[in-house]
Amino acid sequence: MLKRQRYLALLLVFILIIALVSAGCTPARKTDWKSQVIYFVMTDRFYDGDRANDIDINPADPKAYHGGDLQGLTDKLDYIKGLGATAIWITPVVDNEEGGYHGYWAYDFRRVDEHLGDMAKLKELVDKAHQKDIKVIVDMVFNHTGYRSPWLNDPAKAGWFHEKMDIVNYNNQEEVENGWLAGLPDLNQDNPDVEKYLIDTAMWWIDNTGIDGFRLDTVRHVPRAFWEKLSQTIKEKYPDFFLLGEVWSSDPVYLSSYQDAGIDSITNYPMYYAINDVFAHGCSPDELHNVMEFEDSVFKDTNILGNFIDNHDVPRFINQAGENSMEKLKMALTYLMTTKGIPIIYYGTEASMDGGSDPDNRRDMMWDGEPVLAGYINGLSDIRSSSDAFVYGDYIPIEDSDIVGFIRKYEDKYARRRQPMQLLQFLFIRKYEDKYALVFINNTDKMINKTLVLPEDAGIRDGVTLKDKLSAAPDIRVEGTKVEVRLGAYQPAIYMP
Ligand SMILES: [Ca+2]
Ligand SMILES: [Ca+2]
């Protein structure tokens, strides 16, 4: 009995030593992806750091190479850090066929495209980014190859593609997975050789570059079983490696099935649509609250979803906003940086760059002068990182009787969308343990001065004074459960104790 106790004591000491030693060996800070702010760059359109690789460039043609490269990204890391970004997501680096300036037309899955640089340049980018505490997420396409893949005529690759078929019915999942998206040769991940090649390729890029995450392209067009296996294989070796899946759908239930398949984060298209409706088009704020409530009920975790106001596949926010577009952009960015989920900012947003549908939304980055919103975005990033309420907190909408009454009048969603909105403020609380923030956005063209009743479950104490971290609105004092709010037209405020 004594022997056994001594043995247990020794075992405990041994375990403790192992734990201490291994703690010393691993990086001190575990990667927490929820706390990141991601800056998304289309490398060819960002910054030309190396004229020697400007092959076939034609900046006048929106569908040609423009000369941006990995060296250019490395050169601009301090600029990106200055925006408050902690991670970059870059468009695919794999060797593309002719015309694949965007990177989504793979020719050779295990080579860096010569327009962007080479493997050494990619590693240099990753190393220098890590030195500056910036993580690197690389876009990867496992659904298809480019139109002229050498595999199409390779007898050794027979059975690597699905039969050529257009995707017509997006409600038919089999068609979505097996059809040729935009006519691109569709890889058959059910073929074990293809599955093995793609998963080995994923590991090859991580092993050889030290990147921190993948943005996975066209996720809904590939069977979930493939994503499960890919995720398991990666996480076994790299538990902190981040997977951000692009699922282009407005259905939260559908999206959540891919998080369940092992993809940490999903591009939050339902929120993208709602942000545009509410802040660009003046629709009812309950649309965003409803999306948030619905997503919270179906996703394992909404604080890790990838939120955005626009990207390279949709028109830029400012292009859609109409009058007062700059004020609307600031409101949308304020929401993006304070709501649940990881903010993803598309390059050029800080310079209020315009752009309609693809390829107009992929214009060259404007490099003349200090970008007009750089300071604003950096300020939002500081506010976000100052409190766990934004990173882990709940999302509690504040009910505004004016809004509720107004919405009841327009039960029909279609009518509501077309109705000019003059009563719309946007109000919610982020709360985590004892930390909280009140986000008020006056989404109207008139000054607001009114008393609001805070929800009881927010637990905000009587008598506390709250300051606007954006430093523009006057302090407010909680009286009982009420606050009096004064905001100018289109003014956002982030109130914290
Ligand atoms: Ca270049
Ligand atoms: Ca497919």
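So, a few notes on the structure that sits alongside this text. For clarity, every value in this text was computed on a predicted model and none was experimentally measured.

With that out of the way, let us pick up the overall build of the protein. When you go through the protein residue by residue, the secondary structure sums to 16 helices and 18 strands. Here the protein, with 497 residues, has 46% of them falling under the buried criterion. Considering only contacts in the protein between residues 6 or more positions apart, those separated by 24 or more positions represent 71%.

Spatial strand order, β8-β7-β6-β5-β2-β1-β10-β9: eight strands in an open sheet with parallel pairing. Each edge of the open sheet carries a strand with a single partner, namely β8 (265-266) and β9 (306-308).

This part takes up the pairing of strand β2 (residues 87-90). The alternating pattern of β2 places Ala87 and Trp89 and Ile88 and Ile90 on opposite faces, both of which are buried. As defined by bridge partners, strand β1 (residues 38-41) adjoins β2 across four bridges and the pair is classed as parallel. For valine 41, the partnering residue across the bridge sits in β2 and is isoleucine 90. As judged from the four bridges shared by β2 and strand β5 (residues 135-140), these two strands associate in the parallel manner. Within the sheet, the bridge partner assigned to alanine 87 lies in β5 and is lysine 135.

Looking now at unusual backbone geometry. Cis geometry is adopted by the peptide bond preceding proline 359, which originates at aspartate 358 and carries an omega value of 10 degrees. Positive phi, normally seen in glycine, also occurs at asparagine 324, with a value near 55 degrees. The exposure class assigned to asparagine 324 is partly exposed, which follows from the 13 C-beta atoms found within 10 Å. One non-glycine residue, glutamate 433, lies in the positive phi region at around 50 degrees. Note on placement: glutamate 433 falls in the loop between β12 (425-432) and β13 (435-442).

Reading the values: rules and limits
- Residues numbered from 1 in each chain as written.
- Chains lettered and ligands numbered in written order.
- Predicted model: local features only at pLDDT ≥ 70, side-chain atom pairs only at ≥ 80, totals over all residues.
- Helix = DSSP H or I, 4+ residues; strand = E, 2+ residues; numbered from the N terminus.
- Buried ≥ 20, exposed ≤ 12 C-beta atoms within 10 Å, placed from the backbone.
- Contact = placed C-beta atoms within 7 Å.
- Pairing = 2+ DSSP bridges.

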